[in-house]
Amino acid sequence: YQHFANKEAALQALVEEGYRGLEAAMRRAMTDDDPETRLLELSRAYLRYARDHRHVYELMHGLGGVSLDAHGRVKAAAGVVKLTVEAVATWAEGRGAPLPDPLAAAETAWGVLHGMASLGLLPDIGFERAEGLALDALRALLRSWEAAS
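Residues numbered from 1 in each chain as written. Predicted model: local features only at pLDDT ≥ 70, side-chain atom pairs only at ≥ 80, totals over all residues. Heavy atoms only, no water.

### What to know about the overall build of the protein
Check the secondary structure of the protein and you find seven helices and zero strands. Reading the protein from its N terminus to its C terminus gives the helix and strand order α-α-α-α-α-α-α. The globule rule puts the C-alpha radius of gyration for 149 residues at 15 Å, and the 16 Å found for the protein is close to it. Projected onto the principal axes, the alpha-carbon positions of the protein cover approximately 55 × 35 × 25 Å. When the 149 residues of the protein are sorted by exposure, 42% land in the buried category. (Helix = DSSP H or I, 4+ residues; strand = E, 2+ residues; numbered from the N terminus. Rg over C-alpha atoms; globule rule 2.2 N^0.38 Å. Buried < 20%, exposed > 50% of the residue type's maximum accessible area, 1.4 Å probe, protein only.)

### Some remarks on the side chain of Arg 73
Mapped onto the elements, Arg 73 comes out in helix α4 (residues 70–76). Of the buried charged residues, Arg 73 lacks a salt bridge, with Asp 69 as the closest side chain of opposite charge at 8.3 Å. Look past the residues within four positions of Arg 73 in its chain and what remains in contact with it is Gln 12, Val 15, Tyr 19, Leu 59, Met 60, His 61, Gly 62, Val 66, Ser 67 and Leu 68. (Lys, Arg positive; Asp, Glu negative; His and termini not counted. Salt bridge = Lys/Arg side-chain N within 4 Å of Asp/Glu carboxyl O. Contact = heavy atoms within 4.5 Å.)

### Notes on the packing of helix α1 (residues 7–29) against helix α2 (residues 35–52)
The axes of two packed helices give the description: the angle between them and the distance between them. Between α1 and α2, the shortest axis-to-axis distance is 8 Å and the interhelical angle comes to 140°. Regarding the angle of α1 to α2, the classification is oblique. Relative to α2, α1 is oriented so that their crossing is right-handed. For the pair formed by α1 and α2, the contact residues are Glu 17, Gly 18, Gly 21, Leu 22, Ala 25, Met 26 and Ala 29 on the first element and Glu 41, Leu 42, Ala 45, Tyr 46 and Tyr 49 on the second. Residues that form the contact of α1 with α2 fall into these classes: eight nonpolar, two polar and two charged. (Axes fitted to C-alpha atoms, helices over the stretch in contact; angles between N-to-C directions. Parallel < 35°, antiparallel > 145°, perpendicular 65-115°, else oblique. Left-handed = near helix turned anticlockwise from the far one by under 90°. Nonpolar A, V, L, I, M, F, W, Y, C, P; charged D, E, K, R; others polar.)

### Examining the packing of aromatic side chains
Per the stated rule, a full pass over the model turns up two aromatic pairs. Taken together, a centroid distance of 5.8 Å and an interplanar angle of 90° make the contact between Tyr 46 and Tyr 57 edge-to-face. With a gap of 11 residues between them, Tyr 46 in helix α2 and Tyr 57 in helix α3 (residues 54–60) connect regions that are remote in the sequence. Tyr 57 matches Tyr 46 in its accessibility class, with the two residues each being buried. (Phe/Tyr/Trp six-rings, centres within 6.5 Å; stacked < 30°, edge-to-face > 60°.)

### Digging into the confidence of the model for the protein
Looking at the protein, the pLDDT average stands at 94 and 99% of residues meet or exceed 70. Taken element by element, the predicted model of the protein shows its lowest mean pLDDT in α4 (91) and its highest in α2 (97). (pLDDT = per-residue confidence, 0-100.)

### Looking at the nonpolar core
In terms of nonpolar packing, the biggest core is built from 47 residues, with Tyr 19, Leu 22, Met 26, Tyr 46 and Trp 145 touching the most fellow members. When near neighbours in sequence (up to four residues on either side) are disregarded, Leu 22 contacts Tyr 46, Tyr 49, Met 60 and Val 80. (Core = buried A, V, L, I, M, F, W, Y, C linked by side-chain atoms within 4.5 Å.)

### Some thoughts on helix α7 (residues 126–148)
An ideal rise of 1.5 Å per residue puts 33 Å on 23 residues; α7 measures up with 33 Å between its terminal C-alpha atoms. For α7, every residue scored as buried is listed here: Gly 126, Phe 127, Ala 130, Glu 131, Ala 134, Leu 135, Leu 138, Leu 141, Leu 142 and Trp 145. Looking at the buried positions of α7, the neighbouring elements they touch are α2, α5 (78–95) and α6 (102–120). (Expected span 1.5 Å × (residues − 1).)

### Section: α2
Its 18 residues give α2 an end-to-end C-alpha distance of 25 Å, which sits within 8% of 26 Å, the value for a rise of 1.5 Å per residue. Considered for burial, the residues of α2 that qualify are Glu 36, Leu 39, Leu 40, Glu 41, Leu 42, Ser 43, Ala 45, Tyr 46, Leu 47, Tyr 49 and Ala 50. Along its buried surface, α2 packs onto α1, α3, α5, α6 and α7.

In structure tokens:
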């Protein structure tokens, strides 16, 4: 730990790097002009990041029994949250489906993705199935937001 004050500081640095990597993967994936397709691309990238960086993903989300400062975790996730809010808001604007709280909508979508990524970590389910379930759930969520407008 010679570059960090203690073990927790080293782990927090890994969490921060993990969220930067996740945000970069999500941004790279969003190539389509259609806002809904971009949101689904972002979602696939989230799940694939969890699959490809399992141990970092678990650390980022406090899985596996590693406890870190919640405020530091939230701060590290800010770029991912901002990107997700922007993607959801752009989708809503394009669909003419105003959302009363884009942050709450993005957090709901993130909850779906995190839940499915966590299921993907289970050998009996796996990431291929989890990705399909996540995309189905997100499409249903988007249709519900459209219907509510």
